[in-house]
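As a plain string of letters, each chain reads:
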Amino acid sequence: MAAMSVSSACFSVFSYKKKVNRKTRAVASRDALQTEQDKVKLGGSDLKVTKLGIGAWSWGDTSYWNNFEWDDRKLKAAKAAFDVSVDRGITFFDTAEVYGSRVRQDHLYQLLALGAISSETLLGRFIKERKGKDPDTEVVIATKFAALPWRFGRQSVLNALKDSLSRLGVSTVELYQLHWPGVWGNEGYLDGLGDAVEQGLVKAVGVSNYNEKRLREAYEKLKKRGIPLASNQVNYSLIYRLPEQNGVKATCDELGITLIAYCPIAQGALTGKYTPENPPTGPRGRIYTPDFLTKLQPLLNRIKDVGEKYGKTPTQVVLNWLIAQENVVPIPGAKNAEQAEEFAGALGWILSKDEVDELRSLASEISPVIGFPVEKL
């Protein structure tokens, strides 16, 4: 369970800062609208996505987010986050079958009761409601297969995918990913991804939490069927740069695989909300301790300074730092409209190379203990 808690899009847990003035908000909105049609191809596939997506891990979750509670107020806030994202031209949404999952009558959900309502169900509902008002709405859906040890072979992938499609209320999804490498059976899972493409159930396929060796193997196996491996979704942020150190980022660039960055704002630690005197509560408090936050302050101060130059918030700066890497699509999690609005302000501008390098250098002295175990295998 702990491993799954850090296995995909980590969510912003900050409140939109009151000190952000109306001018900054206006700039955020204007920049995003100007780049609404500015999309990038996902790896070698034909699928195009917005340069920044939205992670839906927290939607319906009561195991890690939302103070372990889900209610109508949080549901309305998540719906507002979806609507504002689409309004600002952000149409790429990432979910997974295990996000917010309730107890159900199969092996997966008997053991994984992760929330009040499935994130997939909510996303599907939000899309349906939006299209009811605006039939021309286009949304790119990414979801994931849980590589659980009792799942075997290619058919398990297809079965899980069809269940996800049912929860989402769609006949196809744009991107289907293996959420993490399985204990065994990975070749069968990759066969299942290929079958899903050939059966027209998905437009592109990817993996998540794959190290360099596994990534190359998956790429070559799918290549034999003429199917590109579109993406690898991994933990990547200014203060968690393992993909730069373990060869994953370089391999993605070499093979033309897009790196989708989850935890792009380090679960809120890079937003400036938390201080040594006001650390996060719950599970995050064990990672971002007062001692760690003390070490983080010089970097946060510099991020703030850079942001003031562009009229941007620290959150927008650290998201833009990832976008500036090229071949990287960050997917911060939006729990409400204010967060979605702020994320949109990361688009439509770009940090200079000197600023990117300076922030990386400052961050190199900081090493948080967070990650997905299989990344280092």
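These remarks concern the structure in this document. (Residues numbered from 1 in each chain as written. Predicted model: local features only at pLDDT ≥ 70, side-chain atom pairs only at ≥ 80, totals over all residues. Heavy atoms only, no water.)

1. A few points about the packing of aromatic side chains
One pass over the full model with this rule turns up 8 aromatic pairs. Ring plane angle 40° and centroid distance 5.9 Å describe the contact between phenylalanine 82 and phenylalanine 126, whose orientation is recorded as tilted. In this pair, phenylalanine 82 sits in helix H3 (residues 72-87) while phenylalanine 126 sits in helix H5 (residues 119-133), placing the two residues 44 residues apart along the sequence. Using a relative accessible area of 2% as the deciding quantity, one classes phenylalanine 126 as buried. Between tyrosine 288 and phenylalanine 292 the ring centres are 5.5 Å apart and the planes differ by 55°, which places this aromatic pair in the tilted class. Neither tyrosine 288 nor phenylalanine 292 differs from the other in exposure class; each is buried. Every member of this aromatic cluster is reached through a ring pair, and the members are Phe82, Phe93 and Phe126. (Phe/Tyr/Trp six-rings, centres within 6.5 Å; stacked < 30°, edge-to-face > 60°. Helix = DSSP H or I, 4+ residues; strand = E, 2+ residues; numbered from the N terminus. Buried < 20%, exposed > 50% of the residue type's maximum accessible area, 1.4 Å probe, protein only.)

2. Description of the nonpolar core
Within the largest apolar cluster, 95 residues are counted, with the highest numbers of intra-cluster contacts made by Trp59, Leu270, Leu296 and Leu299. Considering each element in turn, this core owes the most residues, 7 residues, to helix H11 (residues 290-310). Among all residues touching leucine 296, those that are not within four sequence positions of it are Ile239, Ala269, Leu270 and Ile366. Listed in part, the 14 residues of the second largest apolar core include Phe92, Ala142, Ile260 and Cys263. (Core = buried A, V, L, I, M, F, W, Y, C linked by side-chain atoms within 4.5 Å. Contact = heavy atoms within 4.5 Å.)

3. Examining the pairing of strand S6 (residues 173-178)
Most of S6 sits inside the fold, with 6 of its 6 residues counted as buried. Across 4 bridges, the pairing between strand S5 (residues 140-145) and S6 is parallel. Its bridge partner lying in S6, threonine 143 is registered against tyrosine 176. Taken together, S5, helix H6 (residues 153-168) and S6 constitute a β-α-β crossover, and its handedness is right-handed. As paired strands, S6 and strand S7 (residues 202-208) are joined by 5 bridges and run parallel to one another. For tyrosine 176, the partnering residue across the bridge sits in S7 and is valine 205. Once the chain exits S6 it traverses helix H7 (residues 186-198) before rejoining the sheet at S7, and the crossover so formed is right-handed. (Pairing = 2+ DSSP bridges. Right-handed = clockwise from strand over helix to strand, strands pointing away.)

4. Section: the packing of H3 against H5
Taken N-terminus to C-terminus, the directions of H3 and H5 make an angle of 55°; their axes are 10 Å apart at the nearest point. What the angle tells us is that H3 and H5 run oblique. Classified by chirality, the crossing of H5 by H3 is right-handed. Contact residues: Leu75, Ala78, Lys79, Phe82, Asp83, Val86 and Asp87 in H3; Leu122, Leu123, Arg125, Phe126, Ile127, Glu129 and Arg130 in H5. For the contact of H3 with H5, the residue count by class is 8 nonpolar, no polar and 6 charged. (Axes fitted to C-alpha atoms, helices over the stretch in contact; angles between N-to-C directions. Parallel < 35°, antiparallel > 145°, perpendicular 65-115°, else oblique. Left-handed = near helix turned anticlockwise from the far one by under 90°. Nonpolar A, V, L, I, M, F, W, Y, C, P; charged D, E, K, R; others polar.)

5. Here we look at the pattern of salt bridges
By the definition in use, this model includes 26 salt bridges. Between glutamate 341 and arginine 88 there is a salt bridge whose closest N-O contact spans 2.8 Å. Of this pair, glutamate 341 sits in helix H13 (residues 337-344) while arginine 88 sits in the loop between H3 and strand S4 (92-94); the two residues are 253 residues apart in sequence, bridging distant segments of the chain. One exposure class covers both glutamate 341 and arginine 88, and it is buried. Overlapping salt bridges bring together Arg154, Asp191, Asp195, Glu198, Lys221 and Arg225 as one network. (Salt bridge = Lys/Arg side-chain N within 4 Å of Asp/Glu carboxyl O.)

6. Observations concerning the sheet that holds strand S3 (residues 54-55)
Reading across from one edge, S3-S4-S5-S6-S7-S8-S9-S10 is the order of the 8 strands in this open sheet, with parallel pairing throughout. Two strands close off the open sheet at either side, each with one partner strand: S3 and strand S10 (328-330). Where strand S9 (residues 258-262) meets S10, 3 bridges bridge the pair, whose relative direction is parallel. Looking at the pairing, isoleucine 260 lines up with valine 329 of S10. The strands touched by H7 are S5, S6 and S7; relative to S7, the strand with the most contacts, the crossing angle is about 160°.

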